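Descriptive structure summary
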Amino acid sequence: MLSELSSMGKVYVAFTDSREAAKAIEKVKVLRPEWHVSTIAPKEYVKHVEPSLLPQTSNYEGQLLVTVYYDGRNPNLNQHTIARSLETLSMTFGDIKTFTSLPIEQENIGEFHIEYFNTRDADNVLTTLNGTSVDVRRQILFLLL
């Protein structure tokens with residue numbers, strides 16, 4: 001298919017999964033080495049393809065900043081156990097690209113950065129868990145995404 005495609009300008013292609021985008025880039029490099037391939041941020045893509053959607057577009061698609069509030073009176077709960085529980089819960093929604101525990105000075109609160117390969121997985125987490133209380137092995141977590 002790529003062998004039949006010809007362009008004198010730019011072609012914009014969007015993917016919801018960053019792994020699929022990487023595969024496509026490698027395929028283009030092999031099949032059309034004369035083409036210049038570059039990645040752009042979501043806002044840049046929308047600016048060229050559907051400018052009316054620009055105000056509601058984020059360059060952080062597929063990424064979540066999660067704040068977890070937990071009961072510090074429970075001796076089994078600490079930043080490490082909360083991180084493990086949240087990561088395990090997050091993996092049920094899809095493949096995680098990165099999971100990072102962020103430094104925070106307050107007790108009973110954890111903050112985490114989660115990035116999914118597929119932006120739809122992050123959207124599902126946001127829709128399903130934002131503002132919820134979750135009982136993970138008798139560890140009550142209140143999540144704000």
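Placed above this text is the structure.
So, a few notes on the structure that sits alongside this text. (Residues numbered from 1 in each chain as written. Predicted model: local features only at pLDDT ≥ 70, side-chain atom pairs only at ≥ 80, totals over all residues. Heavy atoms only, no water.)

Focus on the nonpolar core
Counting 19 residues, the largest nonpolar core has Leu86, Phe99, Phe112, Ile114 and Tyr116 as its most contacted members. Those elements giving two or more residues to this core turn out to be β1 (63-70), α3 (79-91), β2 (96-102), β3 (109-116) and α4 (119-129). Non-local contacts of Phe99, meaning those with residues more than four positions away in its chain, are made with Ala83, Leu86, Glu87, Phe112, His113 and Ile114. (Core = buried A, V, L, I, M, F, W, Y, C linked by side-chain atoms within 4.5 Å. Buried < 20%, exposed > 50% of the residue type's maximum accessible area, 1.4 Å probe, protein only. Helix = DSSP H or I, 4+ residues; strand = E, 2+ residues; numbered from the N terminus. Contact = heavy atoms within 4.5 Å.)

Thoughts on the environment of Glu87
One can find Glu87 in helix α3. Spatially, the C-alpha atoms of Glu87 and Phe99 are 7.1 Å apart, while their sequence positions differ by twelve residues. In contact with Glu87, not counting residues within four places along its chain, are Ile96 and Phe99.

Side note on the pattern of salt bridges
Under the definition given, this model contains six salt bridges. Here Arg19 ties to Asp17 by a salt bridge, and the two come within 2.7 Å at their closest N and O atoms. Accessibility expressed as a relative area gives 9% for Asp17, which makes it buried. A salt bridge links Lys97 to Glu115, with the nearest nitrogen and oxygen atoms 3.9 Å apart. Of this pair, Lys97 sits in strand β2 while Glu115 sits in strand β3, placing them 18 residues apart in sequence. Residue Lys97 is classed as partly exposed on the basis of its relative accessible area, which comes to 40%. (Salt bridge = Lys/Arg side-chain N within 4 Å of Asp/Glu carboxyl O.)

Notes on a nonpolar patch on the surface
Taken together, Val11, Val13 and Phe15 make up a surface patch of nonpolar side chains, about 280 Å² in accessible area. With respect to the helices and strands, the residue Phe15 is situated in the segment before α1 (18-31). (Patch = residues over 30% accessible without salt bridge, like charges linked within 9 Å, V, L, I, M, F, W, Y side chains within 5 Å. Areas by Shrake-Rupley, 256 points an atom, 1.4 Å probe, with all protein chains shown as cover.)

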